[in-house]
Amino acid sequence: MFFPNCMYSYLLKDPQLELIGICDKIEIIDGKYYPVSIKSSNPPLKGVWNQDAIELVAHSILLEEEFDTEVFVGFVIYEKIDDKRPVVMDVNLRKALFEVMREVKEITENKKLPNVKKNPKKCEKCEYEKFCLK
């Protein structure tokens, strides 16, 4: 069976986990799948932003289900500096994803308002500013 070297904007979903996402790019090298997230934001000095890593581990879990494989590493590309940074899909990162999913479920099911970190630079551009900052 022939697989392309890359797949772009690939829709992944797992009804059992109630998780859905679009992986920007999936690189396939020697039969192994590597999710790639492409970001236009500025990167941190080292590594990747936590939210980028959590998004990437979600894509990894969905890839594992979709293609019956294991994903150990993914990548975040920060376009502004043209840098591709690796992210190891370890147990702590996977736990962080499930914690975020638990928090989202609590917000949606129990109508509990999330804790909000105010950031004037971001808040002024947000469509939810008038609801959120009350």
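Definitions and cut-offs
Residues numbered from 1 in each chain as written. Predicted model: local features only at pLDDT ≥ 70, side-chain atom pairs only at ≥ 80, totals over all residues. Heavy atoms only, no water. Disulfide = S-S within 2.5 Å. Buried < 20%, exposed > 50% of the residue type's maximum accessible area, 1.4 Å probe, protein only. Phe/Tyr/Trp six-rings, centres within 6.5 Å; stacked < 30°, edge-to-face > 60°. Helix = DSSP H or I, 4+ residues; strand = E, 2+ residues; numbered from the N terminus. Lys NZ or Arg CZ within 6 Å of the ring centre and 35° of its normal. Pairing = 2+ DSSP bridges. Right-handed = clockwise from strand over helix to strand, strands pointing away. Axes fitted to C-alpha atoms, helices over the stretch in contact; angles between N-to-C directions. Parallel < 35°, antiparallel > 145°, perpendicular 65-115°, else oblique. Contact = heavy atoms within 4.5 Å. Nonpolar A, V, L, I, M, F, W, Y, C, P; charged D, E, K, R; others polar.

A. Examining the state of the cysteines more closely. Under the definition given, this model contains zero disulfides. In this structure Cys6 is a free cysteine whose sulfur lies 11 Å from that of Cys23, the closest cysteine sulfur available. Residue class for Cys6 comes out partly exposed when judged on its relative accessible area of 26%. Judged by its relative accessible area of 0%, Cys23 is buried.

B. Spatial organisation of the packing of aromatic side chains. In total, this model carries three aromatic pairs according to the counting rule given. Judged by centre distance (5.7 Å) and plane angle (40°), the ring pair of Tyr10 and Phe67 falls under tilted. On the criterion of sequence distance, the pair formed by Tyr10 in strand 1 (residues 6–14) and Phe67 in helix 1 (residues 50–67) is long-range, its members being 57 residues apart. Members of the aromatic cluster, joined through ring pairs, are Tyr10, Tyr33 and Phe67. The ring centre of Phe75 lies 4.8 Å from the NZ or CZ of Lys84, which sits over that ring.

C. Fine view of the pairing of strand 5 (residues 83–88). Where strand 4 (residues 73–78) lies against strand 5, six bridges are found, and the strand directions are antiparallel. Paired with Ile77 across the two strands is Lys84, which belongs to strand 5. Counting the residues that bridge the hairpin from strand 4 to strand 5 gives four residues, and of these Asp82 lies at a positive phi of roughly 50°.

D. Up close: the pairing of strand 3 (residues 32–39). The element strand 3 is largely enclosed, with a buried count of six among its eight residues. Bridging between strand 2 (residues 19–29) and strand 3 involves five bridges; their strand directions are antiparallel. Pairing of Glu27 across the sheet is with Tyr34, part of strand 3. As consecutive antiparallel partners, strand 2 and strand 3 are separated by two residues, and within that stretch Asp30 has a phi angle of approximately 50°, a positive value. In this sheet, strand 4 lies alongside strand 3 in parallel orientation, the contact comprising four bridges. Residue pairing for strand 4: Ile38 is matched across the bridge by Ile77. Taken together, strand 3, helix 1 and strand 4 constitute a β-α-β crossover, and its handedness is right-handed.

E. Structural view of the packing of helix 1 against helix 2 (residues 91–110). One can describe the packing of helix 1 onto helix 2 by two numbers: an axis separation of 9 Å at closest approach and a directional angle of 95°. Taken together, the axes of helix 1 and helix 2 lie roughly perpendicular to each other. Between helix 1, through Ala53, Ile54, Val57, Ala58, Ile61 and Glu64, and helix 2, the contact on the second element is made entirely by Leu93, Arg94, Ala96, Leu97, Phe98 and Val100. A breakdown of the residues in the contact of helix 1 with helix 2 according to their chemical character gives 10 nonpolar, no polar and two charged.

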